[in-house]
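# Residue-level structure breakdown
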Amino acid sequence: MARDDPYKAYNFRVEIDGITVAAFCEVTGLRNETEVIAYRAGGEPTRVRKMPGLTTYANLVLRRGITKNDELWNWRKTVLDGAVERRNGAIVLLADDGTELVRWTFVDGWVAKFDGPDLNAKANEVAIETIEIAHEGLSRD
């Protein structure tokens, strides 16, 4: 019988409509949560029923080494200029040979936050930039 080992977290790619995406070193925020609404029915005085409420989606946080590619900054600038450009995309988990294992797709995303790199002349680290993508839905395909 074959083992069903968990997948490795280090081999992934980010796809965003219309943007050539550089390599990211970290992606977080693949979360959604549905609010729990407590409800007490009149005929059940000692029992609280729990009903699903609104579902919210965490912002996707993408971190990468800064390069001369400014496509993500230009996407962020559409928000700053008051002309929000919404895009769809995906985070794709890959096997060691590059085949797709799992795909999380987000819809109607836009760059809500940009963090430039921390610069330190005494350090020997890669300059990392961070963007947060707010979106309106996440599915696992």
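The shown structure was predicted, so the numbers you read here are calculated from the model rather than taken from an experiment.

Calculation criteria
Residues numbered from 1 in each chain as written. Predicted model: local features only at pLDDT ≥ 70, side-chain atom pairs only at ≥ 80, totals over all residues. Heavy atoms only, no water. Core = buried A, V, L, I, M, F, W, Y, C linked by side-chain atoms within 4.5 Å. Buried < 20%, exposed > 50% of the residue type's maximum accessible area, 1.4 Å probe, protein only. Helix = DSSP H or I, 4+ residues; strand = E, 2+ residues; numbered from the N terminus. Contact = heavy atoms within 4.5 Å. Polar contact = N/O pair within 3.5 Å; in protein donor to acceptor, adjacent residues only side chain to side chain. Patch = residues over 30% accessible without salt bridge, like charges linked within 9 Å, V, L, I, M, F, W, Y side chains within 5 Å. Areas by Shrake-Rupley, 256 points an atom, 1.4 Å probe, with all protein chains shown as cover. Salt bridge = Lys/Arg side-chain N within 4 Å of Asp/Glu carboxyl O.

One finds Val14, Ile16, Leu62, Leu72, Trp75 and Ile133 to be the most contacted residues of the largest nonpolar core, which totals 15 residues. For this core, the secondary structure elements donating two or more residues are strand 1 (12–16), strand 5 (60–65), helix 1 (71–80), strand 7 (100–115) and strand 8 (128–134).

Structurally, Arg76 is set in helix 1. For Arg76, a relative accessible area of 14% corresponds to the buried category. Placed 35 residues apart in sequence, Arg76 and Val111 show a C-alpha to C-alpha distance of 5.1 Å. Here Arg76 is in contact with Val111, Ala112, Lys113 and Phe114, once residues within four sequence places are set aside. In terms of polar contacts, Arg76 uses its side chain to reach the backbone carbonyl oxygen of Val111, at 2.9 Å.

Time to look at a nonpolar patch on the surface. On the surface, a cluster of nonpolar side chains totalling about 290 Å² of accessible area is made up of Ile37, Tyr39 and Met51. Checked against the element boundaries, Met51 lands in strand 4 (residues 49–57).

So, about the environment of Glu44. Structurally, Glu44 is set in the loop between strand 3 (32–39) and strand 4. On the basis of relative accessibility, which here comes to 27%, the residue Glu44 falls in the partly exposed class.

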